[in-house]
Amino acid sequence: MTSIPSSTSLVTPSLTSQSTGLITPSTGLITGIPIQDTVDQLMAVASQSKNILTSRTQDLTNEKTAVTQLETLIAAFQYEANAIGTASLFQTRQATSNDAALTAAVATDGSPAPGSYLFTPVQTASTQQLLSQSFASTDKIGAGSFTFGVGGFVDKGISLDQLNGGTGVRGGKIRITDRSGASAVIDLSYARSIDDVLDAINNNTSINVTAAVSGDSLQLLDNSGGSGNLKVQEVSGGSTATDLGLAGIDVAASTATGSDVFTLSANSKLSSLNDETGIQLRSGDELSITLADGSTVNVDLGDASTLGGVIDAINAAAPTKLSAAIGGDGNRLQLTDLTTGASTFAVTDVGGGTAADDLGLTVASAGGTITGARLASGLRDTLVSSMNGGKGLGTLGDVDITNRNGDTSHIDLSGAETLGQIVSAINAQAVGVTASINAARNGIVLSDTTGGTTSNFIVADGDATDSASKLGLIADGTATSVNSGALNRQQVSAATLLSSLNGGAGIQVGDFKITGTTGVLGAVDLNQVDNVATTVGDVIDRINALVGVGVQARINDRGDGIELVDTFGGPGSITVTEVGNGTTAKDLNLVGTSTLADVDGVQKQVIDGSTTTTVTITADDTLSTLVSKINALNRGVTASVLNDGKRQRLSLTANESGASNELLIDTSDTSLSFQEISGGRDALLLYGSSGGGGALLSSSSNTFENVVNGLNVTVNNGTLAPVTVNVSTSTDSLVATAKQFVSAYNSLRTTLDKLTAYDPTAQTTGLLFGTTEALQVDTDLTQLITSPYYGLGQFQSLTSVGITLDDSGQMVLDDAKLTAAFQKDPDAVTKLFTDSASGVGAKLNAACERLASTSNSLLSNRVDSLTSIIDANNRRIDQMTDRLNAQRDALLAQFNNLESVVASLKSNASALSTYTPIPPINSVRATTVV
């Protein structure tokens, strides 16, 4: 038998210790003992306590999950209970119309008072459309340029609301009889502006009478050639003719001028002054007034919004020293110095403000009186101070006009404060020359009427102030007309409200970024918390407050937008970009990169936010290429080619409807001419009876939002027929919410039943069977749903309004019964659900809070308790695991030692079994045989 050295391993690796990494055989090779099974059996006995604790912990975890699920379902039910207990739910309205000409709808979150409302759809909104003269498809248009933009007309009629000191004009009908005896009834029931009045009269074909404006009055011109009287009469006892200053006209003359119907009043809005560019007001003192006695009065105009507010503020500043009032002609302010002394009576602006100048008060005084500059141009006119982009034309003097017969007239314009007065002065003083508003309605045109050829038609400055040059009327040639071109009536000022820009659509008040020519970036924040920009002046101030960018903001030279000018002279360009998905800069027409432009005689980088667009036509352009150019500009106008089969025309359509989006197109530098085939007009809606007391409303679109609080009305067809809109309380939302309430409860009930179920056959129970918490949830909610709610009116239970529990505990909704109950007594049903102390919503909310709020509720406390126990158990399990692992390691080590000892013993035994003793030599004796 071969011996086994004691140093040789007797183990076949098969089992690794969990804690020491020792490799131990599953069966002892020496002893044959089943180590794996033996250790497993010993550890199974030792692990019984851990297994029991682990099982219990898993049960607790399952219970926690079930309680958490219950919490979630109660929270969902609480949400629906709060929803059905919200008062606004019971104020949901529905609106119906009895005529398809007008539709009505309740605004989002709107709650108009129930009842019947009478409306008359007068007319729908329309977009302006223009059509050019015809061209052959291959015709070249001819080089030049034309401009288009919204607004800027020098002869746009004012609203009738501004007439008669702000009391307006009562709508109705008037009768006009011309001198031939022909008579016509002019319906002005729905007229809103002076232009509407003029159009109604001038478009009537039954009489030969033309209406015009003369200063602050209407003027009628009889063209019939008759010899009778020109008459104006009221119809059916109305007051319209009186309010228009035309009542009582009965003259044997071809011209009749009505009375003055326009004056400023205490109610005149500051926003309507200065041709609707308004008055810029800032915080603090606005006016500094020096009096004859040497004293100074500072005036804070506060939040004045009307001319009366301005007057009151001035009069309150120093009642014994200073008096303010509307001037005698009704067109300006007048200040009177009540003191005496040698100092000059004068008004100046304070700091960087412009209120004194805007109010026309920075003029020289005379005899202790300051008669301010004119603040309103009149019925259909433009202030001289509004021209040249709001810079005005300065001092006007003489203009020399020589007609083609060689007759020279010296026209004195020194007293003109409006463009209409300039036109009237020329017509009154010029020989053989007439003045009128030009075709583009952005300036004036002089026309030679002599037919002569002996002289050039000459218009020249007749003074040192260059009056003809300022008016753009310099001429010396054979042409018979001189066009001033655009005189640039100001449309935007620092006082202009941002909400009024873009045809009344306003702008998105947000943020944008400006990078200057040196690369410095600045952010313009228009919606600062508690400091949201509201005017163009606010935007300009915030741009100019940027540090290190080197960009100055101001009103541009046209007076129709903001202009950004480089002040650093850097090597780059000015760029304006939006922040995120905003459209603020785009709405201000400022997005993009600057170009070089002349600024006070110096070339600078400029971004001009003008709303006027210039279209350049090259010598090779046809209508087709011009259409592409216009549409590529994306400036609110859509161009197309109208083909009649033989010839083509250029069609231009404004993208937005409404009178405020009417296009001013100036084609004087091209061969193009346009005819308006559809005007931009507002939708009109009469609220109330047309017989008296009705209010005429307008909208640039066909929809009138919140015409009655919470009610939107859309005009689909202008029929002039009254339409009744009925607003009633709707149960649709109530029923829908009740269904969600029922569904949420039933989800909770189904889960609660499952968690508390007992199966006697299988002897199984739900996770929360027999728990106090589940029983409490069941009891509390069931009781609240089935119990009466006393003191809340005729409906004192959910059952009474159609909400019951069936035999299985599921909630059932009878929506017909709920609807009937609400229709019978909406207040009682509302109170049942919404009473803040005893209503269904309040009590269920309180119960859900007690049962399942996030802290200190029945279920949250149970979850917290379970969490603590589970955490403690898991810590104990970890400790027990560590001890069991150590015990397993010890057992494995013992068996390993046993194998080693047995192996050693066997090795020794084997060695002994092969041992043969050898006797000593000296102990051997020879034996002799005798």
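Residues numbered from 1 in each chain as written. Predicted model: local features only at pLDDT ≥ 70, side-chain atom pairs only at ≥ 80, totals over all residues. Heavy atoms only, no water.

1. Quick word on the overall build of the protein chain
Note the cut-off: For helices the rule is a DSSP run of H or I covering at least 4 residues; for strands it is a run of E covering at least 2, with both sets numbered from the N terminus onward. Restricting the calculation to C-alpha atoms gives the radius of gyration, and the globule rule supplies 2.2 Å times the number of residues raised to the power 0.38. A 1.4 Å probe rolled over the protein chains alone gives each residue an accessible area, and that area as a share of the maximum for its type sets the label: buried under 20%, exposed over 50%, partly exposed in between. For this analysis, residues touch if any pair of their heavy atoms sits within 4.5 Å. In this description, accessible areas are obtained by the Shrake-Rupley approach with a 1.4 Å probe, and a residue is regarded as covered only by the protein chains that are shown.
Along the backbone of the protein chain there are 18 helices and 51 strands. The C-alpha radius of gyration computed for the protein chain amounts to 47 Å, which surpasses the reference 30 Å derived for 930 residues by more than 25%, pointing to a less compact arrangement than a globule. When burial is assessed residue by residue, the protein chain has 43% of its 930 residues classed as buried. Partitioning the contacts of the protein chain with sequence separation of at least 6, the portion at a separation of at least 24 is 64%. Surface exposure of the protein chain reaches about 43800 Å², of which carbon and sulfur atoms provide 49%.

2. Details of the packing of helix α13 (residues 732–755) against helix α14 (residues 772–786)
Selection rule: What counts as an axis is a line fitted to C-alpha atoms, over the stretch in contact for a helix, and the angles between N-to-C directions run from 0 to 180 degrees. Crossing handedness is read from the near helix: turned anticlockwise from the far helix by less than a right angle, it gives a left-handed crossing, and turned clockwise, a right-handed one. Here the nonpolar group is Ala, Val, Leu, Ile, Met, Phe, Trp, Tyr, Cys and Pro; Asp, Glu, Lys and Arg are the charged ones; every other residue, Gly included, is treated as polar.
Relative orientation of the contacting elements α13 and α14 amounts to 145°, with a least axis distance of 11 Å. Along this stretch, α13 crosses α14, giving a crossing that reads as left-handed. Contact with α13, carried on its side by Tyr 745, Leu 748, Arg 749 and Leu 752, involves Ala 774, Val 777, Asp 778, Leu 781, Thr 782 and Ile 785 of α14 and no other residues of that element. Looking at the contact of α13 with α14, its residues break down into seven nonpolar, one polar and two charged.

3. Brief notes about empty space enclosed by the protein
Where we set the bar: Using a grid of 1 Å spacing that covers the protein atoms alone, one calls a set of points a cavity when a 1.4 Å probe fits there but cannot get out, and a pocket when the set is open and has protein on both sides within 12 Å along at least five of seven lines; lining residues are those with an atom within 4 Å of a point. Grid points are joined across faces, edges and corners, and a volume is the space filled by probe spheres set on the points.
For the structure shown, the criterion picks out two cavities of 30 Å³ or more. The calculated volume of the largest cavity comes to roughly 170 Å³. Lining of the largest cavity is provided by 16 residues; of these, Gly 151, Asn 488, Arg 558, Thr 612 and Leu 664 occupy positions nearest its centre. If you list the elements that add at least two residues to the lining of the largest cavity, you get β7 (144–150) and β41 (663–666). Looking at the lining of the largest cavity residue by residue, the class counts come to four nonpolar, eight polar and four charged. In this structure, the second largest cavity occupies an estimated 30 Å³ of space. Lining the second largest cavity are Glu 63, Val 67, Leu 70, Leu 768, Thr 771, Glu 773, Ala 774, Leu 859 and Arg 862.

4. A few points about the nonpolar core
The line we're drawing: Residues enter a nonpolar core if they are buried and are Ala, Val, Leu, Ile, Met, Phe, Trp, Tyr or Cys, with the set joined through side-chain atoms within 4.5 Å.
Of all hydrophobic cores here, the largest spans 59 residues; its most connected members are Leu 163, Ile 176, Leu 244, Leu 287, Ile 289, Ile 314 and Leu 335. By residue number, the principal contributor to this core is helix α6 (residues 307–317), which donates five residues. Leaving out residues up to four positions away in the same chain, Ile 289 has contacts with Ser 295, Thr 296, Val 297, Val 299, Ile 314, Leu 322, Leu 335, Phe 345, Ala 346 and Val 347. Grouped together as the second largest cluster of nonpolar side chains are 52 residues, Ile 84, Val 735, Ala 828 and Phe 833 included.

5. A word on the layout of surface pockets
By volume, the second largest pocket is sized at about 1100 Å³. Taken together, 43 residues form the lining of the second largest pocket, with Asp 357, Asp 358, Ser 385, Gly 390 and Lys 391 sitting closest to its centre. Elements supplying a minimum of two residues to the lining of the second largest pocket: α7 (355–358), α10 (536–544) and β32 (551–555). When the residues that make up the lining of the second largest pocket are grouped by side-chain class, the tally is 14 nonpolar, 19 polar and ten charged.

6. Some thoughts on the packing of aromatic side chains
Just so we agree on the cut-off: Aromatic rings from Phe, Tyr and Trp, taking only the six-membered ring of Trp, are treated as a pair when their centres fall within 6.5 Å; an angle between ring planes under 30 degrees marks them as stacked, one over 60 as edge-to-face, and anything in between as tilted.
All told, the structure shown has seven aromatic pairs when counted by the stated rule. For the ring pair Phe 90 and Phe 822, a centre distance of 6.2 Å and an interplane angle of 35° mean the geometry is tilted. On the criterion of sequence distance, the pair formed by Phe 90 in the loop between α2 (48–84) and β3 (93–97) and Phe 822 in helix α15 (residues 815–824) is long-range, its members being 732 residues apart. Through successive ring pairs, a cluster of aromatic residues spans Phe 77, Phe 741 and Tyr 745.

7. What to know about the confidence of the model for the protein chain
The line we're drawing: Every residue carries a pLDDT, the predictor's confidence in it, which falls somewhere between 0 and 100.
Overall, the predicted model of the protein chain reaches an average pLDDT of 92, with 95% of residues at or above 70. For residues 1–15, every residue scores under 50 in pLDDT, and the model assigns this stretch 26 contacts once sequence neighbours within four places are set aside. Long-range and interchain partners of residues 924–930, a stretch whose pLDDT sits below 50, account for zero contacts in this model, where long-range means more than four residues apart.

8. Description of the sheet that holds strand β9 (residues 183–187)
As a reminder, the rule being used: At least two bridges found by DSSP between two strands is the condition for calling them paired.
Read across the open sheet, the four strands follow the order β9-β8-β12-β13; overall the sheet is antiparallel. In this open sheet, the two strands that pair with only one neighbour each are β9 and β13 (250–251). In terms of strand pairing, strand β8 (residues 173–177) meets strand β12 (residues 230–234) through four bridges, oriented antiparallel. Counted as the bridge partner of Ile 176 is Val 232 from β12.

9. A look at α15
As a reminder of what qualifies: What the arc measures is the spread of directions leading from the helix axis to the C-beta atoms.
Within α15, the full set of buried residues consists of Leu 818, Thr 819, Ala 821 and Phe 822. All buried residues of α15 lie within an arc of 160° about the axis, which places them on one face of the element. In α15, the exposed positions angled more than 90 degrees off the buried face are occupied by Ala 816, Gln 823 and Lys 824.

10. Some remarks on the sheet that holds strand β19 (residues 346–349)
Strand-to-strand pairing in sheets goes through backbone hydrogen bonds, with the strands running parallel or antiparallel. Ordered in space as β16-β15-β19, the three strands form an open sheet in which the pairing is antiparallel. The sheet terminates laterally at β16 (296–299) and β19, the two strands that pair on one side only. Direction aside, the axes of adjacent strands within the sheet are offset by 20° on average. Two strands pair when backbone bridges link them, and strand β15 (residues 287–290) and β19 are joined in this way by four bridges, in the antiparallel orientation. Residue pairing for β19: Leu 287 is matched across the bridge by Asp 349. Contacts from α6 reach β15 and β16 within the one sheet, and its direction differs from that of β16 by about 145°.

11. Description of the pairing of strand β37 (residues 602–608)
Remember that side chains alternate between the two faces of the sheet whenever the strand is regular. Of the strand pairs in this sheet, strand β33 (residues 562–566) and β37 are connected by three bridges, and their pairing is antiparallel. Within β37, the position partnered with Val 565 by the bridge is Val 606. Linking two consecutive strands that pair antiparallel, namely strand β36 (residues 595–599) and β37, is a turn of two residues; a positive phi of about 55° is found at Asp 600 within it.

12. Regarding the side chain of Thr 92
What counts is decided by this rule: Whenever a nitrogen or oxygen atom comes within 3.5 Å of another N or O atom, the pair is scored as a polar contact, on the condition that within protein one atom can donate a hydrogen and the other can accept it, and that pairs from neighbouring residues in sequence are kept only if both atoms are in side chains.
Residue position: Thr 92 is located in the loop between α2 and β3. A polar side-chain atom of Thr 92 sits 3.0 Å from the main-chain carbonyl oxygen of Leu 89. Apart from the residues lying within four places of it in its own chain, the contact partners of Thr 92 are Ser 728, Thr 729, Ser 730 and Ser 733.

13. Things to note about the side chain of Asn 204
Inspection of the secondary structure assignment puts Asn 204 in the loop between α3 (194–202) and β10 (209–214). Here the side chain of Asn 204 touches Ile 207 through a polar contact of 3.5 Å, landing on its backbone nitrogen. Setting aside residues no more than four positions away along its own chain, Asn 204 makes contact with Ala 184, Val 185 and Ile 186.

14. A word on the environment of Leu 130
Its location among the elements puts Leu 130 in strand β6 (residues 129–135). Once the C-alpha coordinates of Leu 130 and Phe 674 are considered, the two residues, 544 residues apart in sequence, prove to be 6.0 Å apart. Residues in contact with Leu 130, not counting those within four places in the same chain, are Leu 650, Ser 651, Leu 652, Leu 663, Ile 665, Phe 674, Gln 675, Glu 676 and Ile 677.

15. Digging into the pattern of salt bridges
What counts here: The salt bridge definition used is simple: a Lys or Arg side-chain nitrogen within 4 Å of an Asp or Glu carboxyl oxygen.
Tallied over the entire structure, the rule returns 20 salt bridges. We note a salt bridge from Arg 862 to Glu 63, for which the minimum N-O separation is 2.8 Å. Linking Arg 862 in helix α18 (residues 858–913) with Glu 63 in helix α2, this pair joins segments that are 799 residues apart in sequence. One exposure class covers both Arg 862 and Glu 63, and it is buried. Glu 563 is the partner of Arg 554 in a salt bridge, and the nearest nitrogen-oxygen pair spans 3.0 Å. Here Arg 554 falls in the partly exposed class, since its relative accessible area comes to 22%. Under the relative-accessibility criterion, Glu 563 is labelled buried at 7%. Several salt bridges converge on common partners, so that one network encompasses Asp 155, Lys 156, Asp 195, Arg 380, Arg 441 and Glu 662.

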